[in-house]
Amino acid sequence: MLIAQNIGFAIIAAIMIIGAIRVVTTSNVVHGALWLVVVLAGAAAQYVLLAAEFVAVTQVLVYIGAVMVLFLFGTMLTRSRIGRDSGLNNTYWKLGIPVALALFASMAIALVDSFGSEKMPTDGAIVNTQQISDQIFGPYLLPFWALSFVLLAAVIGAIVLARKD
Amino acid sequence: MNTLLGVVIPYWGQSLLRVLGGLVAVLLPAGTIVYVFLFKMMSFMQSRLGPMEAGPYGSLQLVAEVGKWLQKEDIQPTNADKPVFKMAPIIVLMSTFLLVVVVPFGPDAWFTNLETGIFYALAVSSISVLGILMAGWSSANKYSLLGGLRAAGQLIAYELPMVLAVMGVVIQAGTMNLQQIVVAQNAGSIFGINTFGNPYVITQFVGFIVFMIAIQAELTQAPFDMPIAESELVSGYMTEYSGFRFLIFFIGEFATAGVFAMIASTLFLGGWGVPFSWFGWTSMDSVSNWMNIVGPLIVFTKMMVLTFFIMWVRFTYPRFREDQLQRFAWKVLIPVSLVNIMLTAVLKVMF
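Worth saying up front: this structure is predicted, and the values here are computed from it rather than measured.

**Digging into the interface of chain A and chain B**
The interface is formed by 20 residues belonging to chain A together with 23 residues belonging to chain B. Per element, the largest residue contribution to the side of chain A that touches chain B is 13 residues, and it comes from helix H3 (residues 53-78) of chain A. The class makeup of the residues in the side of chain A that touches chain B is 15 nonpolar, four polar and one charged.

What follows is the structure, encoded as structure tokens:
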């Protein structure tokens, strides 16, 4: 039994849910972004619980170290008032609720359908970093290249859009 | 670290040792760097004596300074965002403590032996940017906000050359685990000569230089100190901080310098090890137990040497301009380190 892991999962999941609710209910954009950091860090902690070390570290590096920092950077450059902001919600915010529920339902069904009766191995069988890299640079090389190409296209596109001359 | 010096340690003992060791590994280098380099070396470079009154040769000056900061009033600006303002310095210091966790100090003297070692270090070092941005924004001060934004732009720009410089070492060692990188350097040989092992500072010299420049910028030490440029921004993101919150920022700055120097010495100078051929060791398992005592001292010595260079540059060069800084990162350091990676990969395949 993985009692300690289950307790840890419950605590982290509760923190993530509180954080996620605060992201959308807080009345300050920067606070919203900071609560989002809590949610993303919680996701990294869940990966650690699953012994997925590489994925957890990547989550911290990409989402907390890069995406959220750029997010905060952009927010602070444009609308960085301290205190309550008004008009953060647009009029269609209620539409988000059915979309979120539909997304949750489809993901839950997909997960239960494919992994319903399987159990996490309690010992050994941990995928290490070397196996991940062997997979990426072996059978999955072409998708990896395609992803890199998409990212390169996005970078060049951003430069083209930003340059006026 | 299940056994240390041949003694099996129970789990609670390991945890206690990790906490105490972590505190020592962060605070001892910070204090030593501040006294030896900031108080004394800087004074000698400027033809003065530095602190002389507190203790013999001013050696207790640090205790006096910490006492002074602790008894100061904890001032917060009226318009500041109080919770964020209070949390920011703690997040900066937290990143330092997370960073020291992966540094190996001996064959059994490590806090955690992560398989993704150096990758983890690069990831958690970027958490401090978050704290700096929070400090800059929550102070309700235009200078603070400018300093925070400058810091974020600078740290993002210099994280890339740092990651790319480390990549050369990872390719050559074939692992991201810092223990195995240490073993690979000390058990290695250059053209069959194994008297000096194979410290990567020789084969990865370009990577070493790029890494040292990048950590200089990551630490916001001069000539990369635009985020706290005192003649332009008062004190940047730290302007509104006083008392022990300023002390936390201060400790964080110099402790991070020490930890980054330890990581650089692990990656490029052979870490805790001595060349294994000196004592006839061949692999990790044959390393003698006394290395757990000598290892930390070796790491500390190498750390002092590297911080000496960091501080020497800090006290010598004038500040960059903001656009020069960005141009240097994107147009010089990143292309150089990319070429370095390519050459390393080609040579790795050839030999």
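There is more to say after this.
**Description of the domain arrangement of chain A**
Domain annotation for chain A reports domain 1 (1-81) and domain 2 (128-165). A C-alpha centroid distance of 24 Å is found between domain 1 of chain A and domain 2 of chain A.

**Things to note about unusual backbone geometry**
All names here are of chain B. Even without being glycine, Ser-47 reaches a positive phi, approximately 55°. Structurally, Ser-47 is set in the loop between helix H1 (11-45) and helix H2 (61-71). At Ala-140, a residue that is not glycine, the phi angle is positive and equals roughly 55°. Structurally, Ala-140 is set in the loop between helix H5 (127-138) and helix H6 (142-173).

**Regarding helix H6 (residues 141-162) of chain A**
Along its 22 residues, H6 of chain A runs 32 Å from first to last C-alpha, staying within 8% of the 32 Å computed at 1.5 Å per residue. For H6 of chain A, a buried count of zero out of 22 residues is recorded, marking the element as mostly open to its surroundings.

**Details of the nonpolar core**
Leu-130, Leu-133, Phe-211, Ala-214, Ala-264 and Leu-267 of chain B are the most contacted members of the largest nonpolar core, which has 118 residues in total. Those residues in contact with Ala-264 of chain B, other than ones at most four positions away along the chain, are Phe-211, Met-212, Ile-215 and Leu-306 of chain B.

**Quick look at the packing of helix H9 (residues 205-218) of chain B against helix H11 (residues 243-268) of chain B**
Residues and elements named next belong to chain B. It is at 11 Å that the axes of H9 and H11 come closest, and there the two elements cross at 170°. By the angle between their directions, the pair H9 and H11 is classed as roughly antiparallel. Seen from H9, the contacting residues are Phe-208, Phe-211, Met-212, Ile-215 and Glu-218; seen from H11, they are Phe-260, Ala-264 and Phe-268. A per-class count over the contact of H9 with H11 returns seven nonpolar, no polar and one charged.

Rules and cut-offs
- Residues numbered from 1 in each chain as written.
- Chains lettered and ligands numbered in written order.
- Predicted model: local features only at pLDDT ≥ 70, side-chain atom pairs only at ≥ 80, totals over all residues.
- Contact = placed C-beta atoms within 7 Å.
- Helix = DSSP H or I, 4+ residues; strand = E, 2+ residues; numbered from the N terminus.
- Nonpolar A, V, L, I, M, F, W, Y, C, P; charged D, E, K, R; others polar.
- Domains from an automatic or database assignment.
- Expected span 1.5 Å × (residues − 1).
- Buried ≥ 20, exposed ≤ 12 C-beta atoms within 10 Å, placed from the backbone.
- Core = buried A, V, L, I, M, F, W, Y, C linked by C-beta atoms within 7 Å.
- Axes fitted to C-alpha atoms, helices over the stretch in contact; angles between N-to-C directions.
- Parallel < 35°, antiparallel > 145°, perpendicular 65-115°, else oblique.

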